[in-house]
Amino acid sequence: MGRWRDGRGELVVPGEGGAVVRVPLEIAASYRARTKGLLGRDSVDGAMLLSPAGSVHTFRMGMPIDVAYLDRRLRVIAVRTMKPGRLGLPRVRARHVLEAEAGVMAGWGLRVGVRVAVEVKAE
């Protein structure tokens, strides 16, 4: 898998019966991009992947978000909805964090135990 670079891609979530959900993805791999995350936004198209990351906060955010913590194999180990102004607990096994608008991850089938994939778009 290696390290990602800042950019765009798709989050691939396996679903029931072989169905697949593809979600537009922003990749925040640099310190600067991870620090900014979704701060200052009113919405997000799809999701943002922070990597590496083991925890997040929602200080100065204008919206509640769904947060999924992923292990090194991109398996979901926890999913939480966080209101603005909160500090998320660090997850010991988390290596990556997905952020999206509150309520959307359940619709994608993102839950504990699901292993997602990331397809990076060539620039």
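Values in this document were obtained by computation on a predicted structure and should not be read as measured data.

**Examining the sheet that holds strand β3 (residues 47–50)**
Moving on, step 1. Pairing in this open sheet of seven strands is mixed, and the strands run β5-β4-β6-β3-β2-β1-β7 from one edge to the other. Looking at strand neighbours, the two that pair on one side only are β5 (76–82) and β7 (117–120), the edges of this open sheet. When the angles between neighbouring strand axes are averaged without regard to direction, this sheet yields 30°.
Moving on, step 2. Where strand β1 (residues 7–14) lies against β7, four bridges are found, and the strand directions are antiparallel.

**Quick notes on the pairing of β1**
Looking down a regular strand, the side chains alternate between one sheet face and the other.
Moving on, step 1. Where β1 lies against strand β2 (residues 20–28), eight bridges are found, and the strand directions are antiparallel. Within β2, the position partnered with Gly-9 by the bridge is Leu-25.
Moving on, step 2. Two successive antiparallel strands, β1 and β2, enclose a turn made up of five residues, where Gly-17 displays a positive phi of approximately 60°.

**Notes on the pairing of strand β6 (residues 96–101)**
Moving on, step 1. In terms of burial, β6 is largely enclosed, as five of its six residues are buried.
Moving on, step 2. Note that β3 and β6 share four bridges and pair antiparallel. Within β6, the position partnered with Leu-50 by the bridge is Val-97.
Moving on, step 3. Bridge count between strand β4 (residues 65–70) and β6: six bridges; the pairing is antiparallel. Paired with Val-67 across the bridge in β6 is Glu-99.

Reading the values: the criteria
Along every chain, residues carry numbers that run from 1 in the direction the sequence is written. At least 70 in pLDDT is required for a residue's local features to be given in this predicted model, at least 80 for side-chain atom pairs to be given and counted, and no such filter applies to totals for whole chains, interfaces and linings, which use all residues. Processing note: side-chain calculations cover all non-hydrogen atoms of the structure and skip hydrogens and water entirely. Only strands that DSSP links by at least two bridges are regarded as paired with each other. The secondary structure listing takes helices from DSSP runs of H or I that are at least 4 residues long and strands from runs of E that are at least 2 residues long, numbered from the N terminus. Structural elements are reduced to axes, namely lines fitted to C-alpha atoms, with helices fitted over the stretch in contact, and the angle between N-to-C directions of any two is expressed from 0 to 180 degrees. The buried label applies to any residue whose accessible area, calculated with a 1.4 Å probe on protein chains only, is under 20% of its type's maximum; exposed applies above 50%, and partly exposed to all values in between.

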